[in-house]
Amino acid sequence: MRGWKPAPHVLLLLPAFVVLAAVVVVPLLLSLYSSFTPFRLTRPDTIYTFIGFRNYQRLFADMEFWAAFGRTVLLLTIALNLEMVLGLFLALLVEKATRGQRLLRTIMMFPMMFSPILVGFQFKFMFNDNIGLVNNALQSLGLTDQAIPWLIDGKLAFTSILIAEVWSSTSVFAIFILAGLMAMPKEPLEAAKVDGCTPLQSFRYVTWPFIMPFAFIAMTIRSLDIARAYDIVKIMTDGGPAKRTEILWTLISRTAYSDARMGLANAMAYVAIFLSILFTVMFFRQLAKARQQIGAEW
Amino acid sequence: MATVSLKNLVKKYGSLEVVHAINLDVADREFVALVGPSGCGKSTTLRMIAGLEAISGGHIHIGDREVNNLPPRQRNISMVFQSYALYPHMTVAENMGFSLKIAGRSQDVIASAVADAAKTLGLEELLDRRPSQLSGGQRQRVAMGRAIVRHPDVFLFDEPLSNLDAKLRMQMRTEIKKLHAKVQSTVIYVTHDQVEAMTLADRIVIMRDGHIEQVGPPEEVFRRPATRFVAGFIGSPTMNLHDAVVGDSKLIFGNGDTLPLPAQFRDRVTAGQKVIFGLRPDDLYPTGHGIHSGEAAEVHAVEVPVSLTEPLGNETLVFAEFAGQDWISRMLNPKTLRSGDKVELSFDLSQSHLFDAQSEKSLRG
Ligand SMILES: Nc1ncnc2c1ncn2[C@@H]1O[C@H](COP(=O)(O)OP(=O)(O)O)[C@@H](O)[C@H]1O
Ligand SMILES: [Mg+2]
């Protein structure tokens, strides 16, 4: 190697490149490559068999995969909408508070402070059909006389997961929207009052356009969150009963580790990531539009 | 078109009273300016009239309706805010047409009303822009356009020009005056700038610490200030105001210097009374350089040293020392004076003011 002397800036940047390559680029390429092989963890040499798009073809014909895909999109759609509405409502209430707003904001953030795994365990306990809080409460109040099989019935289990998800993350929306409300100049609202707006019209024509970008940021973050949701579902139902609550990442992890079919799982993962990118692009477009609308300077 | 009347109007924030039972009647189509130093309660008063601030006591009538508890939208008023308060996400046209849209008018009506207002204010070219693409003066115009589009009973302005630079401010002042002549609505205009108030208003309301000090046409508050405060607030440069004690037919200043007691106050003061003597710079001039061509009846001349001059071109402000105090005098057809020069100042005592030192009220009849 004598005589080869790289320029100082190359030399200085080299470690960063090496680390990045080692921890990001190589695994990414490797996993992409493995999605074109029948790689099984139990038979390491299968990674050298190239099978082209066969994993992907198989995937696209696999109803179980599409069911999980659809369920993820469904969960995402319902959860985002619910969280949006609830978060908006919460933010509007908290913003109205003239006293103790700091305390309210802190309390509002509590759900975000728990690990999703713990949220999963907590809701699993609450929705337990025998000893769960929910059934006990319903029965004590005389609203039902028999135990409701929350986590055993497919639809109810999906609803239970949805509730846990919404509980844990509505505050993301609330906080972003609250930030928007607090950053909003007050004069246009007063101008709207003078211009003849009822409170509802003021909200519709002045407040809402202003906080929309903030809502879209929350949506982007949460769509990524839910598209990769795993822990709460894993703990509460593990995709059950009978795969009725299987979502993309529970399916992927099952395929990769229980079935040991890493190649196929990686193919699924790339489709899942594609979904996330799709949502991100969509919400960022909306965000850009909304920002331009209000002439935002950020 | 409508009258506005305030009766014993009070505003309290908690236990702090910031507007103390003020009374004011504004005639139909009148242009009234509320003027006073910042923090005196002008905006609060205006916002109570608009309905943006709840009132703590008293009554507000617009026309023959009592509006105390009506929300702003039921008062048929327009307001122009200091910060313009345009809707950032709407175009200029949408901003101006918004109130009509809310009132449920048809597209055609809105479009023609907006076009009218845009023409009046010279905004035709800008209708498709957003507020962020406008200069300060243009935003100001849009804010006014938004106000005139709906033909309100009353226009309320809260320091509409104070965010503009001096030149633009003068230009817009003229335009507001033209606009008022054209739309013929009742206007209540808040400003801390007495020049703005003097030039625009039919009547001026001078406020101080939540009270009204004096109400009157510009000419009157200038000529006959009711209190020391008004005397000092109205007019530029400010009136010379100095403490004195009434002696035998004379006024004795702190250092013992004297001026003759002006004739009009002779029967109104008693010897030993503490007073404040006031004389506008216009009525104090180097002899031969005054506003009044024929020498007025009651002029008293004193030779004093010049401490400073401010040449303004067609006139020069001369700061001179008399009775141990600084006095400002206005010299027309100026001649060159340097600090330290001696100059003979003419005090036109017929134009002077006297205020009681205790009550600060004018001692004029
Ligand atoms: N929301 C408020 N809470 C408490 N005090 C206020 C509030 N708004 C205004 N004030 C006080 O009321 C007084 C009058 O204010 P304002 O009407 O804005 O004065 P200005 O004549 O400068 O427009 C000021 O002393 C101000 O501090
Ligand atoms: Mg003010």
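Criteria and thresholds
- Residues numbered from 1 in each chain as written.
- Chains lettered and ligands numbered in written order.
- Predicted model: local features only at pLDDT ≥ 70, side-chain atom pairs only at ≥ 80, totals over all residues.
- Heavy atoms only, no water.
- UniProt positions renumbered as here; feature names shortened; annotations may be inferred.
- Helix = DSSP H or I, 4+ residues; strand = E, 2+ residues; numbered from the N terminus.
- Core = buried A, V, L, I, M, F, W, Y, C linked by side-chain atoms within 4.5 Å.
- Buried < 20%, exposed > 50% of the residue type's maximum accessible area, 1.4 Å probe, protein only.
- Contact = heavy atoms within 4.5 Å.
- Near = heavy atom within 4 Å.
- Polar contact = N/O pair within 3.5 Å; in protein donor to acceptor, adjacent residues only side chain to side chain.
- Areas by Shrake-Rupley, 256 points an atom, 1.4 Å probe, with all protein chains shown as cover.
- Nonpolar A, V, L, I, M, F, W, Y, C, P; charged D, E, K, R; others polar.
- Phe/Tyr/Trp six-rings, centres within 6.5 Å; stacked < 30°, edge-to-face > 60°.

Caption draft 1: Expanded view of the UniProt feature "domain: ABC transporter" (unreviewed entry) in chain B. Under the feature "domain: ABC transporter" (unreviewed entry), the UniProt entry names residues 4–234 of chain B. Annotated as 37% helix and 26% strand, the span residues 4–234 of chain B places its first and last C-alpha atoms 25 Å apart.

Caption draft 2: Fine view of the nonpolar core. In terms of nonpolar packing, the biggest core is built from 64 residues, with A:Leu59, A:Phe65, A:Phe123, A:Ile177, A:Met236 and A:Met268 touching the most fellow members. Those elements that provide at least two residues to this core are helix H2 (54–60), helix H3 (63–96), helix H5 (116–126), helix H7 (154–183), helix H9 (199–227), helix H10 (231–236), helix H11 (248–258) and helix H12 (262–293) of chain A. No other element matches H12(A), which puts 13 residues into this core. Excluding residues within four positions of it along the chain, A:Met236 makes contact with A:Gly120, A:Phe123, A:Lys124, A:Phe127, A:Leu151, A:Ser160, A:Ile161 and A:Ala164. In terms of nonpolar packing, the next biggest core, distinct from the first, is built from 44 residues, B:Leu86, B:Ile176, B:Val221 and B:Val230 among them.

Caption draft 3: The arrangement of the site of ligand 1 in detail. Residues and elements named next belong to chain B. Contacts to ligand 1 come from Tyr 13, Val 18, Ser 38, Gly 39, Cys 40, Gly 41, Lys 42, Ser 43 and Thr 44. In this structure, a nitrogen atom belonging to ligand 1 sits 3.3 Å away from a side-chain N or O atom of Tyr 13. Within the contact set of ligand 1, an oxygen atom lies 2.6 Å away from a backbone nitrogen or oxygen of Gly 39. Protein coverage of the free-state accessible area of ligand 1, which is 560 Å², stands at 57%. In terms of residue count, the dominant contributor to the shell around ligand 1 is helix H1 (residues 42–50) (three residues). A per-class count over the shell around ligand 1 returns three nonpolar, five polar and one charged.

Caption draft 4: Local environment of the packing of aromatic side chains. What the rule picks out here adds up to 29 aromatic pairs over all chains. Arranged with centres 6.3 Å apart and planes meeting at 35 degrees, the rings of A:Phe203 and A:Trp208 form a pair that is tilted. Relative to B:Tyr189, the ring of B:Phe31 has its centre 5.6 Å away and its plane inclined at 40 degrees; by these criteria the two rings are tilted. Of this pair, B:Phe31 sits in strand E3 (residues 31–35) while B:Tyr189 is found in strand E8 (residues 186–191), placing the two residues 158 residues apart along the sequence. Residue B:Tyr189 is classed as buried on the basis of its relative accessible area of 0%.

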